[in-house]
Structure formats: C-alpha cells, structure tokens
Amino acid sequence: MGVEIIFKIAAIGLLTAVVTQILKQTGKEEIGTFATLAGLIIVIVMVLSLIGDLFGTIQKMFDFGL
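Residues numbered from 1 in each chain as written. Predicted model: local features only at pLDDT ≥ 70, side-chain atom pairs only at ≥ 80, totals over all residues. Heavy atoms only, no water.

Novice: Describe the overall build of the chain, listing the residues and the values that go with them.
Specialist: A count of helices and strands for the chain gives two helices and zero strands. For the chain, the C-alpha radius of gyration of 17 Å lies well beyond 11 Å, the compact-globule estimate for 66 residues. Seen along its three principal axes, the alpha-carbon backbone of the chain occupies a region of about 55 × 25 × 5 Å. The burial tally for the chain puts 14% of its 66 residues in the buried class. Only carbon and sulfur atoms are counted for the fraction: they give 75% of the accessible area of the chain, which is about 5,300 Å². For the chain, the separation between the mean place of its 4 positive charges and that of its 5 negative charges on side chains is 6 Å. (Helix = DSSP H or I, 4+ residues; strand = E, 2+ residues; numbered from the N terminus. Rg over C-alpha atoms; globule rule 2.2 N^0.38 Å. Buried < 20%, exposed > 50% of the residue type's maximum accessible area, 1.4 Å probe, protein only. Areas by Shrake-Rupley, 256 points an atom, 1.4 Å probe, with all protein chains shown as cover. Lys, Arg positive; Asp, Glu negative; His and termini not counted. Charge placed at Lys NZ, Arg CZ, Asp CG, Glu CD.)

Novice: Go over the packing of helix α1 (residues 2-25) against helix α2 (residues 29-62) with me, naming the residues and quoting the values.
Specialist: Closest axis-to-axis distance for the α1/α2 pair is 8 Å, and the angle between their directions is 170°. Relative to α2, the element α1 lies roughly antiparallel. Residues Ile5, Lys8, Ile9, Ile12, Thr16, Val19, Thr20, Leu23 and Lys24 of α1 form the contact with α2, whose participating residues are Glu29, Ile31, Gly32, Ala35, Thr36, Gly39, Ile42, Val43, Met46, Val47 and Leu50. Split by residue class, the contact of α1 with α2 holds 12 nonpolar, five polar and three charged. (Axes fitted to C-alpha atoms, helices over the stretch in contact; angles between N-to-C directions. Parallel < 35°, antiparallel > 145°, perpendicular 65-115°, else oblique. Contact = heavy atoms within 4.5 Å. Nonpolar A, V, L, I, M, F, W, Y, C, P; charged D, E, K, R; others polar.)

Novice: Help me get a handle on α2, residues and values and all.
Specialist: For α2, built from 34 residues, the straight-helix expectation of 50 Å at 1.5 Å per residue is met to within 8% by its first-to-last C-alpha distance of 49 Å. The secondary structure elements touched by the buried residues of α2 are α1. Asp63 sits one or two residues past α2 and shows a positive phi near 55°. (Expected span 1.5 Å × (residues − 1).)

Novice: An account of a nonpolar patch on the surface is needed here, citing residue identities and associated values.
Specialist: There is a patch of nonpolar side chains on the surface, built from Phe34, Leu37, Leu40, Ile41, Ile44, Val45, Val47, Leu48, Ile51 and Phe55 and spanning about 960 Å² of accessible area. If you trace the backbone, Val45 turns up in helix α2. (Patch = residues over 30% accessible without salt bridge, like charges linked within 9 Å, V, L, I, M, F, W, Y side chains within 5 Å. Salt bridge = Lys/Arg side-chain N within 4 Å of Asp/Glu carboxyl O.)

Novice: Describe α1, naming the residues involved and giving the relevant values.
Specialist: When the terminal C-alpha atoms of α1 are compared, their 35 Å separation across 24 residues agrees well with the 34 Å that a helix rising 1.5 Å per residue should span. Contact partners of the buried residues in α1: α2. A positive phi of about 90° marks Gly27, the residue just after α1.

Novice: Lay out the environment of Phe7 with the relevant residues and their values.
Specialist: Secondary-structure assignment places Phe7 in helix α1. Between the C-alpha atom of Phe7 and that of Gly56, which follows or precedes it by 49 residues, the distance is 24 Å.

By themselves, these figures tell us nothing about what the structure is for.
Right under this line is the structure:
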C-alpha cells in the first residue's frame, strides 16, 4: 500500500501540472489556479484518510478503549 499511494499522489501532481500549464498557455490563469487547488485538496483528503487509518491501527494495536 505504501508505494502505490506515492504513485497516486505523483500522478495527481503531474496531471495537475499539465492541466495548469495548458490553461496558462490559453490565457486562463484563474482556472489553472483552481485546478491546482483541486489537485491539492484531493491529495490532502487522501493523506488525511491514511492518517485516520494509521490512528485506527495504533488504537487496535495498543487496545485503547477510547
């Protein structure tokens, strides 16, 4: 699971960079900024989900009854 999440994040970054560059070349910088923000939000949601899974695993490991 570790390597594939890195590849997913990299793919989202590359796709976002390409879309942003295409939009900047066509004169739509504002939409390019929104595309960059959308890519960033997608990656943040993925990372937050992984952090939640990590805390769940730690809780199971130490059997905290919180």
